[in-house]
Amino acid sequence: MSVFMVDKEIVTCPERPRAMFKMGLSMAFLLFCANMLLLLVLIQRDFMSPPARVAMAVDPPLEDITTNTGQPTAPESSRLPRRLPRDFRMARPEECPAAMHKLTNYAPASMKSKIPYSRQKKFVLGGYQQIDKGSGDYKLVAPLVAKLSKLQHEQGIFGTVGELGVHHGRFTGALYMTARETEKLIAADLFEDLQYQNVDVSGYGNRQAFRQGLESYGLNETTDLHLVHTGTTEDLPFDWHVQSDFEPFRLISVDAGHTAGLTFNDLEIAFCNSVPGSIVILDDFFHNLWPGVTEGFFQFASMGPIDNGVYPFLRCEGKAFVTNDKALHKHYYKMLRSEPKFKLFLNAYAHQVRGSKVKYMMNGVEYLKCSSDKLKRDTMHLLWNSLVY
Ligand SMILES: C[S@@+](CC[C@H](N)C(=O)[O-])C[C@H]1O[C@@H](n2cnc3c(N)ncnc32)[C@H](O)[C@@H]1O
C-alpha cells in the first residue's frame, strides 16, 4: 500500500505542475496578445501627424445649418472664430440688428415716470428690502442707475428696460423705477419649473415671488409688463425686439447664467437689441467664484458681432456698466465723475506708481471704480431718494 502511495506520488506529482505550467503559458500568451493590441491602438493615435489631429479637433465635418429664414448658411466651422468654444452660440452680424446699425427706433420721449412718484419713494427708502436678493447686495449701484437713466433721458434716449435673470426681482425693481410711461418692461428667467437648466446654479428664480415683488411697488405683471420670458436665454432670438415687438433696450441687466458661453449669449441678446447709448449692466464681473462671466465678457468684446462697440465706463459692487456708443461712454464717465453726490465714492485711478497715477482702463477705454464699503444704508436711502424723478 505504501509503495502504491509512493508510486502514485511519483506518477501524479509531475502531472499537476505540467498542467499548471500549460495554463500559465496560455494566460501569458493571451496577456501578450492583449498588450500588443493596446500598443497598436496607442501607436496609431500618437503617431498620427499633428496637423491631422488639430484638424480633427476644430474642423469636424459639419452639416449646413439653417437660419430662421430657412436659408442654408455657411458651415458652422467657417463662421466661428477659432478660439471660441464650439458650444458658444454665435450671432452673425446679419442676425444681430445692432451690428447692422438697424437700431434707431427709440421709445417715444416722455419724462412722466411709469411708477408713481410716491411708490418710487417708498421703494427706494427701504421697500426694496421686502424682495429677496439673488445676487450680492446693492447700495451705490441703485442710485447710480437712477442718475444714469436721467442722463439718458436728457439725451433723448428712451427704450425698453429689462433684466435677464431676475430671481425674485430686487434689482429688477431698481431698474423699473427709472422707466418712463412710454418705455416697456421685460424680464427673463428659468423660474422654478426649469431650474434643472440652471447649469451654474446661480440664484433661483420664482415666478410667484417675482409677481409679489412687482406688486409691492404697484406693478401688475399682466398689464404693466410687456413680456416675461420663462425659459433659458439661449432660446431668445438675436433679433428679440423685432420678433417680440418692443423698442430696443435703453437699460438692461445681464444676470442669468454665469458660464462663459451663457454670458456671451446674453451679452449678444442685450447688445443686438440695444439703442445707441444703451447701458448694459453685467453682474458678477471679476467675481472669483464666477470666472465665466469675465471670460464671457472679454470673448464677447473681442469676438462678438458688435464691431467696435463695447465701452465699459463703470465698475461698482460687482457690476460692470457698459455702453455701445463711444461718445456716450465719454458723457456718462464725465458726468458721473463730476457729480458731487458720487465724487466721494468713484475713483478713476487704479494705483500710483513712482508718482504717476495709472487710470482704470478696459477694452481700450477708461472706466470708474466705485467703493461703497463706507456708505451706510440710511445714507444710501437718502442718496437714492434724492435721485428719484
Ligand atoms: C444671480 S440670480 C439673479 C439675481 C437678480 N438679478 C437679483 O439681483 O436679485 C440668477 C437668475 O438667473 C436664472 N437663470 C440661470 N440660468 C439661466 C438661463 N440659462 N436662462 C435664464 N435664466 C437663468 C436663475 O433662475 C436665477 O433666478
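The rules behind the values
Residues numbered from 1 in each chain as written. Predicted model: local features only at pLDDT ≥ 70, side-chain atom pairs only at ≥ 80, totals over all residues. Helix = DSSP H or I, 4+ residues; strand = E, 2+ residues; numbered from the N terminus. Buried ≥ 20, exposed ≤ 12 C-beta atoms within 10 Å, placed from the backbone. Contact = placed C-beta atoms within 7 Å. Near = placed C-beta within 6 Å. Nonpolar A, V, L, I, M, F, W, Y, C, P; charged D, E, K, R; others polar. Expected span 1.5 Å × (residues − 1). Pairing = 2+ DSSP bridges. Core = buried A, V, L, I, M, F, W, Y, C linked by C-beta atoms within 7 Å. Arc of directions from axis to C-beta. Axes fitted to C-alpha atoms, helices over the stretch in contact; angles between N-to-C directions. Parallel < 35°, antiparallel > 145°, perpendicular 65-115°, else oblique. Left-handed = near helix turned anticlockwise from the far one by under 90°. pLDDT = per-residue confidence, 0-100.

(A) Geometry of the overall build of the chain. Looking only at helices and strands, the chain features 15 helices and 13 strands. Within the chain, the fraction of its 389 residues that count as buried is 39%. Pairs at least 24 residues apart make up 74% of the contacts formed inside the chain by residues separated by at least 6 positions.

(B) Representation of the site of the ligand. Around the ligand sit 24 residues in total, of which Gly134, Gly165, Phe171, Gly203 and Gly205 are the nearest. When contributions to the shell around the ligand are tallied by element, the ones reaching two or more residues are α7 (170-176) and β2 (185-189). Class assignment of the residues belonging to the shell around the ligand gives a composition of seven nonpolar, twelve polar and five charged.

(C) Layout of helix α12 (residues 291-303). The end-to-end C-alpha separation of α12 is 18 Å, in line with the 18 Å expected for 13 residues at 1.5 Å each. Of all the residues in α12, the buried ones are Gly292, Val293, Gly296, Phe297, Gln299, Phe300 and Ala301. The secondary structure elements touched by the buried residues of α12 are α11 (260-272), β5 (274-282) and β7 (319-323).

(D) Structural context of the sheet that holds strand β1 (residues 160-164). In space, the nine strands of this open sheet follow the order β3-β2-β1-β4-β5-β7-β6-β13-β8, with mixed pairing throughout. In the strand order of this sheet, the two ends are held by β3 (227-230) and β8 (346-347), each with one partner. Bridging between β8 and strand β13 (residues 368-370) involves two bridges; their strand directions are antiparallel. Residue Asn347 lies in a different strand from β13, and its bridge partner there is Lys369.

(E) Quick look at the nonpolar core. Counting 88 residues, the largest nonpolar core has Val254, Val280 and Leu282 as the members making the most contacts within it. When residues in this core are grouped by element, the largest group, eight residues, is from α11. Apart from the residues lying within four places of it in its own chain, the contact partners of Val254 are Leu164, Asp266, Leu267, Ala270, Val280, Ile281, Leu282 and Asp283.

(F) Molecular detail of helix α13 (residues 326-338). For α13, with 13 residues, the first-to-last C-alpha span of 19 Å sits near the 18 Å given by 1.5 Å per residue. Among the residues making up α13, those that are buried are Leu328, His329, Tyr332, Tyr333 and Leu336. Angular distribution of buried residues about the axis of α13 spans 135°; they occupy a single face of the element. Turned more than 90 degrees away from the buried face of α13, the exposed residues are Ala327, Lys334 and Ser338.

(G) Looking closely at the pairing of β1. For β1, the tally of buried residues reaches five of five residues, placing the bulk of the element in the interior. Of the two faces of β1, both are covered, the one formed by Thr160, Gly162 and Leu164 as well as the one formed by Val161 and Glu163. One ladder, built from five bridges, connects β1 with strand β4 (residues 249-254); its direction is parallel. Across the sheet, Thr160 pairs through a bridge with Phe249, a residue of β4.

(H) Here's a closer look at the pairing of strand β9 (residues 349-353). Judged by how many residues are buried, β9 sits mostly at the surface: zero of five residues are covered. Bridge analysis of β9 against strand β10 (residues 356-359) gives four bridges, and the strand direction is antiparallel. Its bridge partner lying in β10, Gln352 is registered against Lys357. Counting the residues that bridge the hairpin from β9 to β10 gives two residues, and of these Arg354 lies at a positive phi of roughly 45°.

(I) Structural detail: the environment of Gly159. Take Gly159: it is sitting in the loop between α6 (141-154) and β1. Not counting residues within four places of it along the chain, the set of residues in contact with Gly159 comprises Tyr106, Ala107, Glu183, Glu247, Pro248, Phe249, Arg250, Val275 and Ser278.

(J) Structural detail: the packing of α11 against α12. One can describe the packing of α11 onto α12 by two numbers: an axis separation of 7 Å at closest approach and a directional angle of 50°. Between α11 and α12, the angle is such that the two are oblique. As α11 packs across α12, the resulting crossing turns out to be right-handed. Taking contact as the criterion, the partners of Ala260, Gly261, Thr263, Phe264, Leu267 and Glu268 in α11 are, on α12, Gly292, Val293, Glu295, Gly296, Phe297, Gln299 and Phe300. Grouping the amino acids of the contact of α11 with α12 by side-chain chemistry returns six nonpolar, five polar and two charged.

(K) Fine view of the environment of Cys316. With respect to the helices and strands, the residue Cys316 is situated in strand β6 (residues 311-316). Here Cys316 falls in the buried class, since 25 other C-beta atoms lie within 10 Å of it. Residues within four places of Cys316 in sequence aside, it is in contact with Leu140, Val141, Leu144 and Cys370.

(L) Fine view of the environment of Ala98. Tracing the chain through its elements places Ala98 in the loop between α4 (76-79) and α5 (117-124). Ala98 gets classed as buried once you count the C-beta atoms within 10 Å, which come to 27. Not counting the four nearest positions on each side in its chain, Ala98 is found in contact with Leu103, Phe271, Cys272, Asn273, Ser274, Ile306 and Asn324.

(M) Structural detail: unusual backbone geometry. The backbone of Asp284 shows a phi angle near 60°, a positive value even though the residue is not glycine. Mapped onto the secondary structure, Asp284 falls in the loop between β5 and α12. Positive phi values are uncommon outside glycine, yet Asn363 reaches one of about 50°. Inspection of the secondary structure assignment puts Asn363 in the loop between β11 (361-362) and β12 (365-366).

(N) Summary view of the confidence of the model for the chain. The pLDDT averaged across the chain works out to 87; a share of 85% of its residues lies at or above 70. Between residues 1-13, whose pLDDT stays under 50, and residues either more than four places distant or in other chains, the model counts zero contacts. Confidence drops under a pLDDT of 50 for residues 46-72, and excluding neighbours within four residues, the segment shows 15 contacts in the predicted structure.

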